[in-house]
Amino acid sequence: MVKTQGRRGEVASEVLSDVPGRFTIGMRLLALPRPPENPRRELEVEELWPHKGLLVLKFAGVDSISDAETLVGSELQVPRSERSTLQPSWNYVSDLVGCRVLDYDREIGSIEDVQFGAGEAPLFVVRDATAKLLEIPFAEAYLDSVDLERKQVRMKLPEGLLEVNAPLTAEEKQEQARPVRRKKKR
């Protein structure tokens, strides 16, 4: 959920579902908070309407701006029992989170999140064995297989991709923030 919307506890949410009319009044949804250490919450849709490219949702029992603020940043999920059947080779993000990513036979790490909108392909946010976060494109060109039963995503990544897509370290960010000093010509 992106932001509060209105005074009665409404929230504006980005919709990542490809299923038309996916959300309906009376539907129960799960709110997965960020950070994930906070408890998951079940919500019932009381009202909904589109607004400026987002979907505004009013949930039963969420009746004020302060109530709605506790939901901002959460991801909404449809309970497994109400999921639509996906086309072959499609996956739910919630099924991918927690999977181990392997590059050929070398384990890279575990998927913590999937980010959309950064480019043509979604990005896996993967934590490696040293606790470093890596961003790996979930692109068909790099994908070998997805085995949800074994919680594995096998990829064939180009050499150097992991180093290029690694987020900057704190030291690298400080180095980039320093002003460049130019030598005076004499």
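Above this text is the structure in question.
Structure report, in brief. (Residues numbered from 1 in each chain as written. Predicted model: local features only at pLDDT ≥ 70, side-chain atom pairs only at ≥ 80, totals over all residues. Heavy atoms only, no water.)

1. A closer look at the sheet that holds strand E4 (residues 41-51)
Strand order in the open sheet made by the six strands is E1-E2-E5-E4-E3-E6, with antiparallel pairing throughout. Since the sheet does not close on itself, it has two edges, and those belong to strand E1 (3-4) and strand E6 (75-77), each with one partner. (Pairing = 2+ DSSP bridges. Helix = DSSP H or I, 4+ residues; strand = E, 2+ residues; numbered from the N terminus.)

2. Some words on the side chain of glutamate 10
Examined against the element boundaries, glutamate 10 turns out to sit in the loop between E1 and strand E2 (11-13). Residue class for glutamate 10 comes out buried when judged on its relative accessible area of 5%. A distance of 3.0 Å separates the side chain of glutamate 10 from the backbone nitrogen of arginine 8, its partner in a polar contact. Ignoring anything within four residues of it in the chain, the contact list for glutamate 10 reads Thr4, Gln5, Trp49, Val56, Leu57, Lys58 and Ala68. (Buried < 20%, exposed > 50% of the residue type's maximum accessible area, 1.4 Å probe, protein only. Polar contact = N/O pair within 3.5 Å; in protein donor to acceptor, adjacent residues only side chain to side chain. Contact = heavy atoms within 4.5 Å.)

3. Comments concerning the packing of aromatic side chains
For the structure shown, the criterion picks out one aromatic pair. Arginine 83 extends its terminal NZ or CZ atom over the ring of tyrosine 92, reaching a point 4.1 Å from the ring centre. (Phe/Tyr/Trp six-rings, centres within 6.5 Å; stacked < 30°, edge-to-face > 60°. Lys NZ or Arg CZ within 6 Å of the ring centre and 35° of its normal.)

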